[in-house]
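# Survey of secondary and tertiary structure
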Amino acid sequence: MAQNKNSNKKPKNNSNNRKHIHFKVRNKTILINFSLLILSLLIVFFTLNNAGFYGIYNYQPGNMLLEDIYLQNDIVDFAATDALKQQKAAEIEPVMYVDFSKQVESKKSLTEFFTRLSEIKSDYSDDSELMKKIYAGIERKNIYGLTSEELMTLISLNNEKLSLLQNYAVDITVENMSSGINEIEKLEAITTIRSYIDAQSDISDFDKSILNKLITGVLVENKFIDQVKTNQKIDTEISKIEDVVYKKGTLFLQKGTILSEENYILLKSGGVIVESTWDSITMKLGLIMMLIMLWGILHLYLTFFEKNIMASTKKYGILMSLFLTFFLSAGFFYDISPYLIPLPAFSILASIMITPTIAIYFGIGLLILITMQTGLSAYTMIAYLLTILITRALVKNIKQRSQVVGIGLYVSLVLVVFTLTQGIINKTEISDLPLSILFSAANGVLSAVLSIGIMPFFESFFDVLTPFKLLELSNPNRPLLKRLLIEAPGTYHHSILVGNLAETAAHDVGANSLLTRVSSFYHDVGKLERPYYYKENQVGHENPHDKLPPQVSANFIKNHMSYGVELLQKNKLPKEIIDVVKAHHGTSLIKYFYHREQINNPEVDIAKFLYSGPKPDSKESVILMLADSVEAAVRSLEEPTQESITNLIDKIIAQKISENQFSNANLTFRELEIIKTSFLNVLSGIFHERIAYPEINMNQISKNAFDQTDEKEK
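These notes cover the structure that comes with them. Bear in mind the structure is a predicted one, so any value in this text is a computation, not a measurement. (Residues numbered from 1 in each chain as written. Predicted model: local features only at pLDDT ≥ 70, side-chain atom pairs only at ≥ 80, totals over all residues. Heavy atoms only, no water.)

## Concerning the overall build of the chain
Let me state the cut-off plainly: A run of DSSP states H or I qualifies as a helix once it reaches four residues; a run of E qualifies as a strand once it reaches two. Both are numbered from the N-terminal end. In this scheme, a residue with accessible area under 20% of its type's maximum is buried, one over 50% is exposed, and one in between is partly exposed, where area comes from a 1.4 Å probe on protein chains only. Contacts are assigned to residue pairs that have any heavy atoms within 4.5 Å of one another. For the accessible areas, the method is Shrake-Rupley and the probe is 1.4 Å, while residue cover comes only from the protein chains on display.
What the chain contains, in helices and strands, is 29 helices and six strands. When each of the 714 residues of the chain is scored for burial, the buried share is 41%. The contacts of the chain with a sequence gap of at least 6 include a subset with a gap of at least 24, amounting to 76%. Carbon and sulfur atoms form 57% of the exposed surface of the chain, whose accessible area is close to 40000 Å².

Okay, structure coming up:
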């Protein structure tokens, strides 16, 4: 018992040591990454500071210019431009719309009025005096301004006359409101209607008076200004007005000229004038604050959504190296053409070497900085934004270097179409378009060439694991895989099947399917030390474990993990693969030998039959753990039906959960269900039912029968 207590203390000390080491490593990573952050921020600041303040003049109104002033940027004369726009807006006729519901309501009001009249006339036809009084009482608050005497006279008219009046009222109202009327047109319409009614000979003066009141009561304004469309029309027309612009490079004022107030304001609005040293300082402070805000937003994203990048000096170093490389080189390409900046190459490289999502966020950040540095137009900025998005969409499943060229061609297509569209919108001179289109097309090709050319440097210098490198490692002619095929063919076959299972599941849950597959190929290379100690390689051999104590056998089984890691490190496989392989057994129980030991020793120490870990801390390692267990277990089924395979997968997953193997992995139960379904689909394809072929007595068939087809063809 004392021995057990001492043995329990040792792991605790080891655990504390590991935590201390991890803490020191983490602090070192934070310090290095923070230093890179500050360094990159300062580099960008000094680059933008030099570009932003170049050619800025220090003059006041009334000063004589000691040099010619050339405009370093286009300057817009906003006052002149606004005056043109206001003039144009005042000339535009408003867009009107007709509210036909008003017409329907007016018609309905008249129809209901005559319907009520007819009903009362019908109900009280036997007593005309009572009918008049009731009708006058009901309609005493009518909207038409009809008096009680007029109402009594109206209901006394015969049905034919009433029908005629109704038709007149409805037809005249509908006709006048069909094309819409505003308040002024309503007054004009009422005058016209009165003249028209007065000219009718088939109705009496009383009828005409009633008609005028009825129509005037329901004739309402139903044509209104469509403010939205009017504003759109104004905006459209105003957008056609070109700004009054003084172009970059223009000799704006000559040496010896007295700087007027008007020109001073114009130059100041164009950022060409600095009034004082304090203004220069405040502008620098504004620039650094803007950069700090941008850096803060980008790094907040990393902190919350890409923690693995901030926790890795290598990944963060790659990101900032790419970021600064393309930022510092942007000015060179911009001087050749605004359409030649190889921003898509940054997206391609960042997506492949880090993550595709990082390419969007830092790609946009890089685009903002390049725009600040070079003054890209809004259209060109949008074009580059589209290239970032399309690169992100296409690079997700990239596995071969030749695919990078394909992405470059798509980038060229997007830029060419956008450049052409921009030319049409801005009415660019046709003679200027071919060169812009040529540079746009060249951008995609240049980005692809740069990506393919730069990537090997990063792969080598930073030891980056790219899809291309993974594919190279999956080649069966790689030394370790070749050894596995020759020395442990059963393990090799098992690894290939595990790779198929794991790759499919990883794809379905959004993990790195290629990394999972290649890790599966190498996960059992440790069995090369003693291939025949493992069941899959014991064809025609006796089982050596039958002659060994269970604890010794368990140690042999456990040792294939440590030996495998040694082999992988010796063969210089990437750390990412080693980490996945190292965790694929976690700290799970070696059940078979534990059970054998338990038969003879019920008080067996379970710790001696546990793998040494670590537990899986990624989706890839969890998937490999499950795929390895499932593939091996399915082969033990006598009749691998879909139901039995499903039950087996459920059992293995439940067991791993009970062993707390997923406590370090960011995996949900929903994702476990997806993994289970994926395994089931693959295994169902492998262990599907086959037709039992009948035995045929070949002695009853002449051998000449098999030569008939050849003779016919001849």
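Next comes the rest of the description.
## Quick word on the packing of helix α21 (residues 489–509) against helix α22 (residues 513–522)
This is how it is decided: Working convention: axes come from line fits to C-alpha atoms, limited for helices to the stretch in contact. Angles between N-to-C directions cover 0 to 180 degrees. For this classification, under 35 degrees means roughly parallel, over 145 means roughly antiparallel, 65 to 115 means roughly perpendicular, and everything else is oblique. Take the far helix as your reference; a near helix turned counterclockwise from it by less than a right angle gives a left-handed crossing, and one turned clockwise gives a right-handed crossing.
Relative orientation of the contacting elements α21 and α22 amounts to 165 degrees, with a least axis distance of 8 Å. Viewed along their axes, α21 and α22 adopt a mutual orientation that is roughly antiparallel. Along this stretch, α21 crosses α22, giving a crossing that reads as right-handed. Residue-level contacts link Ser495, Ile496, Val498, Gly499, Ala502, Glu503, Ala506 and His507 of α21 to Ser513, Thr516, Arg517, Ser520 and Phe521 of α22.

## Considering a nonpolar patch on the surface
The line we're drawing: In this analysis, a patch consists of residues with relative accessible area above 30% that form no salt bridge, clustered at 9 Å for like charges and at 5 Å for the nonpolar side chains Val, Leu, Ile, Met, Phe, Trp and Tyr. Here a salt bridge means any side-chain nitrogen of Lys or Arg lying within 4 Å of a carboxyl oxygen belonging to Asp or Glu.
A cluster of nonpolar side chains, Ile364, Ile382, Leu385, Leu386 and Leu389, forms an exposed patch at the surface whose accessible area comes to about 350 Å². When residues of the nonpolar patch are assigned to their parent elements, the largest contribution, four residues, is made by helix α16 (residues 378–394). Positionally, Ile364 belongs in helix α15 (residues 356–374).

## Re the environment of Gly217
Its place among the elements puts Gly217 in helix α8 (residues 205–218). Non-local contacts of Gly217, meaning those with residues more than four positions away in its chain, are made with Ile143 and Tyr144.

## Quick look at unusual backbone geometry
Residue Asp463 is not a glycine yet carries a positive backbone phi of 55 degrees. Tracing the chain through its elements places Asp463 in the loop between α18 (433–461) and α19 (467–473). Relative accessible area serves as the criterion here: at 37%, Asp463 is assigned to the partly exposed category. At Lys572, a position not held by glycine, the phi torsion is positive, near 60 degrees. Assignment of secondary structure puts Lys572 in the loop between α23 (550–570) and α24 (575–582). For Lys572, a relative accessible area of 73% gives the class exposed.

## A short note on helix α13 (residues 313–336)
Threshold: In this analysis, the expected span of each helix is defined as 1.5 Å times one less than the number of residues it contains. Take the seven residues that end at a residue and the seven that start at it, fit an axis to each, and the angle between those axes is the bend at that residue. Counted as a polar contact is a pair of N or O atoms within 3.5 Å, where, for protein atoms, one must be capable of donating a hydrogen and the other of accepting one, and residues adjacent in sequence contribute only when both atoms are in side chains.
In this model, α13 (24 residues) spans 35 Å end to end at C-alpha, consistent with the 34 Å of a helix rising 1.5 Å per residue. Its axis deflected by about 40 degrees at Ala330, α13 carries its strongest bend there. The N-terminus of α13 is capped by Ser312, whose side-chain oxygen sits 3.4 Å from the backbone nitrogen of Lys314.

## A short note on the side chain of Ser678
Summarising the element assignment, Ser678 is placed in helix α28 (residues 669–686). Beyond its immediate stretch of four places on either side in the chain, Ser678 contacts Thr504, Ala505 and Asp508.

## So, the environment of Leu683
Checked against the element boundaries, Leu683 lands in helix α28. By relative accessible area, which is 2% here, Leu683 ends up buried. Sequence separation of Leu683 and Leu497 is 186 residues, and the distance between their C-alpha atoms is 9.6 Å. When sequence neighbours within four positions are dropped, the list of residues in contact with Leu683 reads Leu501, Val630, Val634, Ile645 and Ile649.

## Notes on the packing of aromatic side chains
Threshold: Any pair of Phe, Tyr and Trp rings, taking the six-membered ring for Trp, is counted once the centres come within 6.5 Å. Such a pair is stacked with planes under 30 degrees apart, edge-to-face with planes over 60 apart, and tilted for the rest.
A full pass over the atoms with the stated rule returns 16 aromatic pairs. Centre to centre, the rings of Phe458 and Phe462 are 5.5 Å apart; their planes meet at 10 degrees, and the pair counts as stacked. Taking the relative accessible area as the measure of exposure, Phe462 reaches 16% and is therefore buried.

## Let's talk about the packing of helix α14 (residues 343–353) against α18
A pair of packed helices can be characterised by two numbers: the angle between their axes and the separation between those axes. Between α14 and α18, the shortest axis-to-axis distance is 8 Å and the interhelical angle comes to 40 degrees. The angle between the axes of α14 and α18 places the two elements in the oblique class. Seen from above, α14 lies across α18 with right-handed handedness. Residues Pro344, Ala345, Ile348, Leu349, Ile352 and Met353 of α14 lie in contact with α18, whose contacting residues are Asn443, Ser447, Leu450, Ser451, Ile454, Met455 and Phe458.

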